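# A look at the structure
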Amino acid sequence: MSNVDEHELDKFSQIAHKWWDLESEFKPLHEINPLRLAFIDQHAAIAGKTVLDVGCGGGILAESMAHKNATVTGIDLAKKSLKIAQLHALETGVTVNYRCVEVETLAAEAPASFDVVTCMEMLEHVPDPQSVVRACAQLVRPGGWVFFSTLNRNAKAYLLAVVGAEYVLNMLPKGTHEYARFLKPSELSRMARNAGLGIETLAGMSYNPLTRVYTLGDDTSVNYLIACRRLD
Ligand code: SAH
């Protein structure tokens, strides 16, 4: 496998049993999920559509999209996380097709086969994010929607996502995030354009540590979402 950091996959495998524990390291992903689900659905109206979730982990987003009547495939390379995702889908009685396959491999196997592709909080864990963005663009049909979310790279994001979340609040295990892999919105937009995607919307997800509430808005300084469409 080429575009994989085994150390990153190990980190997720070690805590895979906690994916659905709302008080665990994955709490922030559970808390932002309704915001990103609404953002995706507002743009792409996913009911009845085929959706691919890249780097699906335990299936937090994948399941929620299936609950909105999308036909969802989730892919990841951490086998333990996929097992947990499958068990949880059985438990909740929702259907998601989980597969352990590299996104670049799937893009070569089944190009243009999804109406919507989502890739959330994953690009900051891979050696070559441009390659993942390109594969996502190849997997969506012409005119289809592709969504990414990741962490911005600046002093504030470093302080909040690394120092604050990992060292002060202990919300995340130390070493969860590698600052050098964070992407500025301009960098991610350029990768998307290079892959033949047009940028439709950029939105920020901010966390208020006092109220402990996440909101969607214009502040892209830490965590942000980007909605793109395949142009050709
Ligand atoms: N997208 C999910 C999980 C984010 S955590 C959500 O937002 O809820 C990051 C995920 O990316 C982990 O599940 C990890 O196993 C996965 N990942 C890391 N490198 C990957 C790679 N090269 N290919 C596929 N998945 C990868």
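Residues numbered from 1 in each chain as written. Predicted model: local features only at pLDDT ≥ 70, side-chain atom pairs only at ≥ 80, totals over all residues. Heavy atoms only, no water.

### Details of the overall build of the protein chain
- A count of helical and extended segments in the protein chain gives eight helices and eight strands.
- Projected onto its principal axes, the C-alpha coordinates of the protein chain cover approximately 45 × 40 × 35 Å.
- For the protein chain, with 232 residues in total, the buried portion stands at 56%.
- Sequence separation of 24 or more characterises 71% of the internal contacts of the protein chain that already satisfy a separation of 6 or more.
- Surface exposure of the protein chain reaches about 10400 Å², of which carbon and sulfur atoms provide 55%.
- Put simply, the protein chain has 22 plus and 27 minus side-chain charges, and the middle of one group is 2 Å from the middle of the other. (Helix = DSSP H or I, 4+ residues; strand = E, 2+ residues; numbered from the N terminus. Buried < 20%, exposed > 50% of the residue type's maximum accessible area, 1.4 Å probe, protein only. Contact = heavy atoms within 4.5 Å. Areas by Shrake-Rupley, 256 points an atom, 1.4 Å probe, with all protein chains shown as cover. Lys, Arg positive; Asp, Glu negative; His and termini not counted. Charge placed at Lys NZ, Arg CZ, Asp CG, Glu CD.)

### A short note on the site of the ligand
- Around the ligand sit 17 residues in total, of which Arg36, Gly55, Gly57, Asp76 and Met120 are the nearest.
- Between an oxygen atom of the ligand and a side-chain N or O atom of Arg36, the distance comes to 2.8 Å.
- The separation between a nitrogen atom of the ligand and a polar main-chain atom of Met120 is 2.8 Å.
- Taken by itself the ligand offers 570 Å² of open surface, and the protein chains cover 98% of this. (Near = heavy atom within 4 Å. Polar contact = N/O pair within 3.5 Å; in protein donor to acceptor, adjacent residues only side chain to side chain.)

### Quick notes on the packing of aromatic side chains
- Scanning the model with the defined rule gives seven aromatic pairs in all.
- Where Phe39 meets Phe147, the ring centres are 6.0 Å apart and the plane angle is 75°; that geometry is what we call edge-to-face. Remark: Phe147 occurs in strand β5 (residues 140–151) and Phe39 occurs in helix α2 (residues 27–44); sequence separation between them is 108 residues. Summarising the burial analysis for this pair, Phe39 and Phe147 share the class buried.
- Members of the aromatic cluster, joined through ring pairs, are Phe12, Trp19 and Phe26. (Phe/Tyr/Trp six-rings, centres within 6.5 Å; stacked < 30°, edge-to-face > 60°.)

### Quick notes on helix α1 (residues 6–14)
- For α1, the full list of buried residues reads Glu8, Leu9, Lys11 and Ser13.
- Elements that come into contact with the buried residues of α1 comprise α4 (79–92).
- For α1, the side-chain oxygen to backbone nitrogen distance between the N-cap and His7 is 3.0 Å, and the N-cap itself is Asp5.

### Focus on the pattern of salt bridges
- Scanning the model with the defined rule gives twelve salt bridges in all.
- Salt-bridge contacts for Arg230 lead to Asp232; the nearest nitrogen and oxygen are separated by 2.6 Å.
- Residue Asp232 is classed as exposed on the basis of its relative accessible area of 59%.
- Linked by salt bridges that have partners in common, Asp5, Glu8, Lys11, Glu178 and Arg181 make up one network. (Salt bridge = Lys/Arg side-chain N within 4 Å of Asp/Glu carboxyl O.)

### Some words on the sheet that holds strand β4 (residues 114–120)
- Reading across the sheet, the eight strands line up as β3-β2-β1-β4-β5-β8-β6-β7 and stay open at both edges, with mixed pairing between neighbours. In this open sheet, the two edge strands, each paired with only one partner strand, are β3 (96–100) and β7 (213–217). Each neighbouring strand pair of the sheet contributes to a mean axis angle of 20°, computed without reference to strand direction.
- Along the sheet face, helix α8 (residues 185–194) touches β5, β6 (197–208) and β8 (223–230) and points at about 150° away from the line of β6. (Pairing = 2+ DSSP bridges. Axes fitted to C-alpha atoms, helices over the stretch in contact; angles between N-to-C directions.)

### Digging into the environment of Ala47
- Inspection of the secondary structure assignment puts Ala47 in the loop between α2 and β1 (50–54).
- Along the backbone, Ala47 and Glu178 are 131 residues apart, and their C-alpha atoms lie at a distance of 35 Å.
- Not counting residues within four places of it along the chain, the set of residues in contact with Ala47 comprises Lys68, Asn69 and Ala70.

### Let's talk about the state of the cysteines
- One pass over the structure, following the stated rule, counts zero disulfides.
- Sulfur of Cys56: no disulfide; nearest cysteine sulfur belongs to Cys100 and is 9.5 Å away.
- In this structure Cys136 is a free cysteine whose sulfur lies 4.6 Å from that of Cys119, the closest cysteine sulfur available. (Disulfide = S-S within 2.5 Å.)

### A closer look at the nonpolar core
- Grouped together as the largest cluster of nonpolar side chains are 36 residues, with contacts concentrated most on Ile46, Met65, Val72, Tyr98 and Phe147.
- Among the elements of the structure, α2, α3 (60–67), α4, β3, β4, β5, β6 and β8 are those that each provide at least two residues to this core.
- Broken down by element, the residue count for this core peaks at seven residues, all from α2.
- In this structure Met65 touches Leu37, Ile40, Ile46, Val51, Asp53, Ala70, Val72 and Thr118, once residues within four positions along its chain are discounted.
- Counting 31 residues, the second largest nonpolar core, distinct from the first, contains Cys119, Ala137, Val140 and Met191. (Core = buried A, V, L, I, M, F, W, Y, C linked by side-chain atoms within 4.5 Å.)

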